[in-house]
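Each chain, written out:
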Amino acid sequence: MNQLAIPHDHLETLELKNTLKKQKILRWLKGMLFLAPSIILFSIFLFYPLARSIYLSFFLTNNTGVPTVFVGFENYINIFTSPIFRNSLQSTFLFVLYTVPGAIIISLFLAIIANEKLKGIGFFRTMFSSTMGISVAAASVFWMFLFHPTMGWLNQILSYVGVDAIGWLTDPKWALLSVSISTIWMNIGFTFLILLGGLQSIDRYLYESADIDGAGYFYQLRRITLPMLSPTLFFVITVALINAFQTFGQIDMLTRGGPQNQTNLLVYSIYREAFMNYQYGPASAQAIVLFIIILIITLIQFKLGERKVHYQ
Amino acid sequence: MKPVELINISKSYDQEQHVLKEINLTIEKGEFFVLVGPSGSGKSTLLRMIAGLEAITDGKLKFNGKLVNHLPPKDRDLSMVFQNYALYPHLNVEQNILFGLRAKKIAEDEQKRRLMQTTEMLGLSDFLKRKPKELSGGQRQRVALARSIVSESPLCLMDEPLSNLDAKLRAQMRMEIKRIQKKLDLTMIYVTHDQVEAMTMGDRIMVLNDGVIQQVGEPIELNNAPTNLFVASFIGSPKMNIGSAYIENHQIVIEDTLRISADITTVTGWLKERKFTVGIRAEHIKQTTEEHATHQLEVVNVEQLGNETLITFEIGNVLWTAKWLGQWLVSVGDYVPVSISMENIHFYDTNTGDLLKAAEQEKEREGIAL
Amino acid sequence: MKKGILFIGMFVFLLMIVGCEEGDASPVQNENDATQTDAQDLTEDNEPVVVTFWHAMGGALEEALEELVNHFNAAQDEIYVNAEYQGTYDEALTKFHSIAGTDNAPTMMQVFEIGTKSMINSGAIEPIQTFIDQDNYDMSKLEENIVNYYKIDDQFYSMPFNSSTPVMYYNKEAFVNAGLDPDTAPTTFEEVEKASKAIVDANPDMKGFSLLAYGWLYEQLLANQGALLMNNDNGRTATPTEVGFTEEQGKSVFQWVERMIEDQTFANYGTSGDNMISGFLSGDVAMFMASSANVKNVIDNAPFEVGVGFIPYPENIERAGVVIGGASLWMMSGVDEHEQQAAWEFMKYLQTPEIQAQWHVGTGYFAINPEAYEEQVVLDAYQVLPQLKVTVDQLQSTTPSYATEGALMDMIPEARRITETALETVFHGGDVDQAYQDVVDQINAAIQQANRARGE
């Protein structure tokens, strides 16, 4: 009996192993099936273009974008020695520096005051978030009028006050700032809405408890609101940073990269290089540089974020 | 100079919906006062009004003789424990406990002293650097408690602090809270929907229903002489057996089926209506032998609790439950002999629910206890 | 106050335009798809052949063009031309490059003059010479200067269509107020400066002159001095290898602007032509240079009398004239032969004197077929708008040379952006020598890059 039992046992474990293996393969297949749509879409719209861009960045191309001459890293060397690209990098970083903190601080302020339970606060919430519903194109047209050198409201107001007109979009000293202001305005709606959502999800008992503990408004703001909002803030900052680096619409509408390339942000510079100058090679090199910059910044942010963000 | 006085306190929203109606209440120093009532009765609202988190629509709230209606929470010198503890998830235990002291800028060494004292008292010393999410439910509860204690406010408010704990832990914490309250001589206002908590912890209890005070009294008082049907059925476990009754042939007829002989002369004096309602506690439907039995009742359900047995009978349209000490082997469908005595019956007005006459037996026992 | 109302009016109008365009976009597309498929099925049944015509005429110019197209479609029933606006010249060319040689390509397309070389290099076009030879079509009746620009290596690649040259617009009222002769426009750089000073002296709220930071105008101001933009005879004898202008020629424009900035008579509108024109119309600046295609529009909208003159040149040299601007029509290869023939018919139709006359009067583009000037509509229009004639005179007084034939190179769009940046630098008080040096260095680098990319 015993002697018979051992091989039988052995057989059973073998069978079990086989079934487990089969199940494992089946599970893997099932998983792949669910992943397939995104893998396919990502491959077509993300991985292939990325690979293609990297490939193109080592070539010069003709006007239709067909690679003609292999130049190795020359495109990269050229863009980094080009004062125009360096200027464009600088403008981009300045733009990010103006718009990301600008939009977030203003939105945070608006969200905090709109979070108070007051009569008619719904109206203000709608107003503050309304810019989200306005397309970049429409908003740019609106700002174009505000910035008009002679007939724009901004300059008319200045002239009433007796200040000299400012070339908002034509003066190289002002253009980037002007575009940043309009961008901040455009971004406030979205940022405000997300931050307000974050604020509203903070347990009100925390504030009540703090009230009883005798913490003042600003103490609560600093010690409760901001830390509790940090996951939302982190999300908003990440999205805003990436968006700021990818800004295109308002540049195309308001300044077309000018004056003196002061608002020639990276994405616009890529567009210009590829679709106006038909230099797809250097344009691809710039695109790769932009990709790496965003990648690095996002990585740094996540590293810092891990330490500073409190998830519930 | 009472620590807390409520004079005609009312709360309404939009001048229509009355949440609380003319609450009058005085709480003594060092008293453990329990507000109990079903959900929606307004007990939490009342507590939040005392804390200053909710505006008082009408009436006066006095602390130590001073009117405090207008004071913000931080100026009322009280502490509060919330149902969900309201711990700051981003702060560790120590920071949570000291949050209030830091906000009030209390000296560092004083902070340290109080922290040491409190955490030792509550057994939290080993968890000071942990975040709330790394703590068990009971530990979080203790942190919330510690935060309240560390403030050294003479008045402590608690809003259903034990409702998120399991039964065993809850029983343990009941004792602990009570112990700390006595030790620190805190004046405590404690809100719960659980009558067991109320009965076991409270020095005095206020039963609240639909924004109206039903009864205020010591636990024993509430148990022995519930002033109306609401209190009668709310306090006590299992709840009091209730049935409609009338008098016929010198007998009280309950639910048209159960007849109890009575000395009618003791009743007619105060009984105005022909129909009335009676109530009897489960422990007063007594087990007895065949010959002493007043009634033979059919068993419809049996619950064995180990040290006691709950037996349910059908009386006309209602179910009555008897609580017998010990383990009784009865099965559904059996007829068991019971003794129901006139002295244990409470009489209530069917229309208003008010107490007409409390059971005589209860008074006697109260006398014995004294 | 008036400005405010005007501003609000313009704003509302613009919103309306934006709204309409967004709303209209898709139905037009669908309609087009439908007619295209119909056309293939039904050519045998004598249904019209559909010609898809991409153009870059926006706003008022689009309306004028639509009128010509509708006229053509109504006049016969064998060919139906479907005109589609594809954005600015730059945008249209970009779109073309991305779909060249595919089924989505149009039958014919309007491309600006500096896209000429790029179109030839694309390999997706059928030189118009094929049809000229087949039809024995007489191109010599067209304006000589236009023929000079578009005739490359003795053959026509595209059919000239809308051509304009830059002219100088001035506010006659402001001239009168400043004590200047409103009937003679300043002709040299120096005269413009002088007039500007007089205007600013007379009215401190008005600037004298504005130059748009637009590469095309810089090219024209060079050509007017007889300067080549690119070497190798503006790329007409061989592919250019570097810029063709001398330092003196190249710097002259910058220095001219610099002097006016010093005089505080210069108005800077950056790169925005719309802002500049509205500034002129509202009396903020008295003179500016822009395409003659704006003549009718500006005169119609100005609340004062508008003068139109030749573009200026440095007084120490001879005027050489202007280069043909505007655009020409290109035939795509790889489309159905019926469609090509139909498109050719339409092109020829556009050359007829009557149509050119209507086009000239309706827009300010000059007639590429000089016979048009004999048409009654033109003669009538000259009675009302004598300014229209200036553009023709300027073109016809141009001395034919490589300089005025214009440069032929595929990277001219890039060169324009380089000069535009330099112009803006100077407008904002930047160093002229440095700006000039940047222009030369960057254009030369771009030329070399383009030549390498072509494998030459």
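Residues numbered from 1 in each chain as written. Chains lettered and ligands numbered in written order. Predicted model: local features only at pLDDT ≥ 70, side-chain atom pairs only at ≥ 80, totals over all residues. Heavy atoms only, no water.

**Observations regarding the overall build of chain B**
For the record, the criterion: Elements are defined by DSSP. Helices are runs of H or I of four residues or more, strands are runs of E of two residues or more, and each kind is numbered from the N terminus. We call two residues in contact whenever any of their non-hydrogen atoms come within 4.5 Å of each other. Computed by Shrake-Rupley with a 1.4 Å probe, the accessible areas treat only the displayed protein chains as cover when residues are assessed.
Looking only at helices and strands, chain B has 10 helices and 21 strands in total. Put simply, of all contacts in chain B between residues at least 6 apart along the chain, 66% involve residues at least 24 apart. Surface exposure of chain B reaches about 17300 Å², of which carbon and sulfur atoms provide 49%.

**Here we look at the overall build of chain C**
Along its length, chain C carries 20 helices and 12 strands. Relative to all contacts within chain C whose residues are 6 or more apart in sequence, the contacts with residues 24 or more apart total 77%. Total accessible area on chain C stands at roughly 18200 Å², and carbon and sulfur atoms take up 48% of it.

**Quick look at the packing of helix 2 (residues 93-103) of chain B against helix 3 (residues 108-122) of chain B**
All names here are of chain B. This is how it is decided: Lines are fitted to the C-alpha atoms to define the axes, a helix being fitted only along its stretch in contact, and any angle between axes, read from their N-to-C directions, falls within 0 to 180 degrees. Orientation is classified from the angle alone, with under 35 degrees giving roughly parallel, over 145 giving roughly antiparallel, 65 to 115 giving roughly perpendicular, and any other angle giving oblique. The crossing is said to be left-handed when, going from far helix to near helix, the turn is anticlockwise and less than a right angle, and right-handed when the turn is clockwise.
Across the interface, helix 2 lies against helix 3 with an axial gap of 11 Å and an inter-helix angle of 135°. Put simply, helix 2 runs oblique to helix 3. When the axes of helix 2 and helix 3 are compared, the crossing they make is right-handed. In contact with Glu94, Ile97, Leu98, Leu101 and Arg102 of helix 2, helix 3 contributes Gln111, Arg114, Leu115 and Thr119.

**As for the nonpolar core**
We apply this condition: Here, nonpolar core means buried Ala, Val, Leu, Ile, Met, Phe, Trp, Tyr and Cys residues that are tied together by side-chain atoms lying within 4.5 Å of each other. Buried means the residue's accessible area, taken with a 1.4 Å probe over protein chains only, is under 20% of the maximum for its type, while exposed means over 50%, and partly exposed covers the values in between.
Core analysis: the biggest nonpolar cluster contains 252 residues, and Tyr169, Phe209, Leu211 and Phe245 of chain C have the highest contact counts within it. Leu87, Val93, Leu122 and Leu135 of chain B belong to the second-largest nonpolar core, a separate cluster that totals 41 residues.

**Observations regarding the interface of chain C and chain A**
Short version of the rule: Joining two parts hides part of their accessible area as seen by a 1.4 Å probe, and the buried area is that hidden amount summed over both. Between Lys or Arg on one side and Asp or Glu on the other, a salt bridge is scored when a side-chain nitrogen of the former is within 4 Å of a carboxyl oxygen of the latter. Any pair of nitrogen or oxygen atoms within 3.5 Å is treated as a polar contact; in protein, a donor-acceptor pairing is required on top of that, and neighbouring residues in sequence qualify only through side-chain atoms on both sides. Note on residue categories: nonpolar means Ala, Val, Leu, Ile, Met, Phe, Trp, Tyr, Cys or Pro, charged means Asp, Glu, Lys or Arg, and polar means any other residue, Gly included.
The partner chain A presents 38 residues to the 36 residues of chain C that form the contact. Here chain C meets chain A over a buried area of about 3400 Å², counting both sides, of which 58% is carbon and sulfur. For Arg256 of chain A, the salt bridge identified is with Glu91 of chain C, shortest N-O distance 3.9 Å. Counting across the interface, chain C meets chain A through 10 residue pairs in polar contact (both at pLDDT 80 or more). Elements with a contribution of two residues or more to the side of chain C that touches chain A: helix 1 (2-42), helix 3 (89-99), helix 12 (273-281), helix 19 (412-427) and helix 20 (432-453) of chain C. Residue classes in the side of chain C that touches chain A are distributed as 11 nonpolar, 16 polar and 9 charged.

**Regarding a positive patch on the surface**
Spelled out, the test is: Each patch is built from residues that are more than 30% exposed by relative accessible area and take part in no salt bridge. Like charges join if they lie within 9 Å; nonpolar side chains (Val, Leu, Ile, Met, Phe, Trp, Tyr) join within 5 Å. Residues scored as positive are Lys and Arg, those scored as negative are Asp and Glu, and His as well as the terminal groups of each chain are ignored. Where a charge lies is defined by one atom per residue type, namely NZ (Lys), CZ (Arg), CG (Asp) and CD (Glu).
Together, Lys21, Lys24, Arg27 and Lys30 of chain A make up a region of like positive charge exposed at the surface. Given the relative accessible area of 58%, Lys24 of chain A is considered exposed.

**Examining the environment of Pro49 of chain A**
Among the secondary structure elements, Pro49 of chain A is positioned in helix 1 (residues 2-56). Using a relative accessible area of 30% as the deciding quantity, one classes Pro49 of chain A as partly exposed.

**Considerations on the sheet that holds strand 6 (residues 78-81) of chain B**
Strands belonging to one sheet form pairs held by backbone hydrogen bonds; the direction of such a pair is parallel or antiparallel. All names here are of chain B. Test applied: Two strands form a pair only when DSSP identifies at least two bridges running between them.
Sheet architecture is open: 6 strands sit in the order 6-7-8-3-9-10, paired in mixed fashion. With partners counted over all chains shown, the strands left at the sheet margins are strand 6 and strand 10 (212-217), one partner each. Here the strands of the sheet are splayed against their neighbours by 15° on average, with no regard to which way each runs. Across 4 bridges, strand 3 (residues 32-36) lies against strand 9 (residues 204-209) in parallel orientation. Within strand 9, the position partnered with Val36 by the bridge is Val207.

**As for the arrangement of the chains**
The structure contains 2 pairs of chains in contact, of which chains A and C account for the largest number of contacts. What separates chain B from chain C at the closest point of their C-alpha atoms is a distance of 45 Å, and the two make no contact.

**With respect to the domain arrangement of chain C**
Residues and elements named next belong to chain C. Rule in force here: Note: domain ranges come from an automatic or database domain assignment.
Assigned domains of chain C: these are domain 1 (2-164 + 325-393) and domain 2 (166-321 + 410-453). Of the roughly 1900 Å² buried between domain 1 and domain 2, counting both surfaces, carbon and sulfur atoms make up 58%. The largest contributions to the domain 1 side of the interface with domain 2 come from Ile114, Gln387 and Val390, which together make up 30% of the buried area. In this structure, the connection of domain 1 to domain 2 is made through 2 salt bridges. Glu113 is the salt-bridge partner of Arg416, the closest N and O atoms lying 3.2 Å from each other. Those elements that place two or more of their residues in the side of domain 1 that touches domain 2 are helix 4 (116-122), helix 6 (144-150), strand 5 (151-152), helix 15 (353-363) and helix 17 (387-396). The dominant element in the side of domain 1 that touches domain 2, judged by the number of residues it contributes, is helix 17, at 5 residues. Class assignment of the residues belonging to the side of domain 1 that touches domain 2 gives a composition of 10 nonpolar, 10 polar and 7 charged.

**A word on the sheet that holds strand 12 (residues 251-254) of chain B**
Residue and element names in this part refer to chain B. Pairing is antiparallel in the open sheet, where 6 strands are placed in the order 13-12-11-14-20-21. A single partner strand is all that each edge strand has here, and the edge strands are strand 13 (258-261) and strand 21 (355-357). Geometrically, the sheet is characterised by an average inter-axis angle of 40° between neighbouring strands, direction not taken into account. Pairing analysis gives 2 bridges linking strand 20 (residues 346-348) to strand 21, with the strands arranged antiparallel. The residue of strand 21 that forms the bridge with Tyr348 is Leu355.

**Some remarks on the pattern of salt bridges**
In the structure shown here, the tally under the stated rule is 32 salt bridges over all chains. Note that Glu54 of chain B is salt-bridged to Arg48 of chain B, the shortest N-O span being 3.0 Å. Classification of Arg48 of chain B as buried rests on a relative accessible area of 10%. The closest approach of N and O atoms between Lys348 of chain C and Asp135 of chain C, which form a salt bridge, is 2.4 Å. Taken together, the residues span a long stretch of sequence, with Lys348 of chain C in helix 14 (residues 337-351) and Asp135 of chain C in helix 5 (residues 129-135) at a distance of 213 residues. Lys348 of chain C sits in the buried class, given a relative accessible area of 17%.

**Thoughts on the pairing of strand 6 of chain B**
All names here are of chain B. Alternating residues of strand 6 divide into Leu78 and Met80 and Ser79 and Val81, and every residue in both groups is buried. The pairing of strand 6 with strand 7 (residues 155-159) spans 4 bridges and is parallel. Considered in strand 7, the bridge of Met80 is made with Leu157.

**Quick look at the interface of chain A and chain B**
Facing the 20 residues of chain A at the interface are 24 residues of chain B. Summed over both sides, the interface of chain A with chain B buries roughly 2000 Å², with 63% coming from carbon and sulfur. Broken down residue by residue, the surface that chain A buries against chain B is led by Ile212, Asp213 and Arg223 of chain A, which jointly contribute 34%. Run the count over chain A and chain B and you get 1 salt bridge. Ionic pairing is found between Arg48 of chain B and Glu208 of chain A, a salt bridge with its closest N-O pair at 2.5 Å. Counting the contacts that link chain A with chain B gives 7 residue pairs in polar contact (both at pLDDT 80 or more).

**Details of the packing of aromatic side chains**
Working definition: an aromatic ring pair is given by the centre-to-centre distance plus the angle between the planes. Selection rule: Each aromatic pair joins two rings of Phe, Tyr and Trp (for Trp, the six-membered one) with centres within 6.5 Å, and gets the label stacked for planes under 30 degrees apart, edge-to-face for over 60, and tilted for any other angle. Geometrically, a charge over a ring is one whose NZ (Lys) or CZ (Arg) sits within 6 Å of the ring centre while staying within 35 degrees of the ring normal.
If you walk through the whole model with that rule in mind, you get 52 aromatic pairs over all chains. Centre to centre, the rings of Phe189 of chain C and Trp256 of chain C are 4.1 Å apart; their planes meet at 5°, and the pair counts as stacked. Of the two residues, Phe189 of chain C sits in helix 8 (residues 189-202) while Trp256 of chain C sits in helix 11 (residues 247-263), which places them 67 residues apart along the sequence. Taken together, the ring pairs connect Phe142, Trp143, Phe147, Trp168, Trp174 and Trp185 of chain A into an aromatic cluster. Its end group placed over the ring of Tyr205 of chain A, Arg204 of chain A keeps NZ or CZ at 4.9 Å from the ring centre.

**Digging into unusual backbone geometry**
Residue and element names in this part refer to chain C. Its identity as a non-glycine residue notwithstanding, Asp153 has a phi of 50°, on the positive side. One can find Asp153 in the loop between strand 5 and strand 6 (155-156). Backbone geometry at Asn232 places phi at a positive 55°, although glycine is not the residue there. Structurally, Asn232 is set in helix 10 (residues 231-235). On the basis of relative accessibility, which here comes to 28%, the residue Asn232 falls in the partly exposed class.

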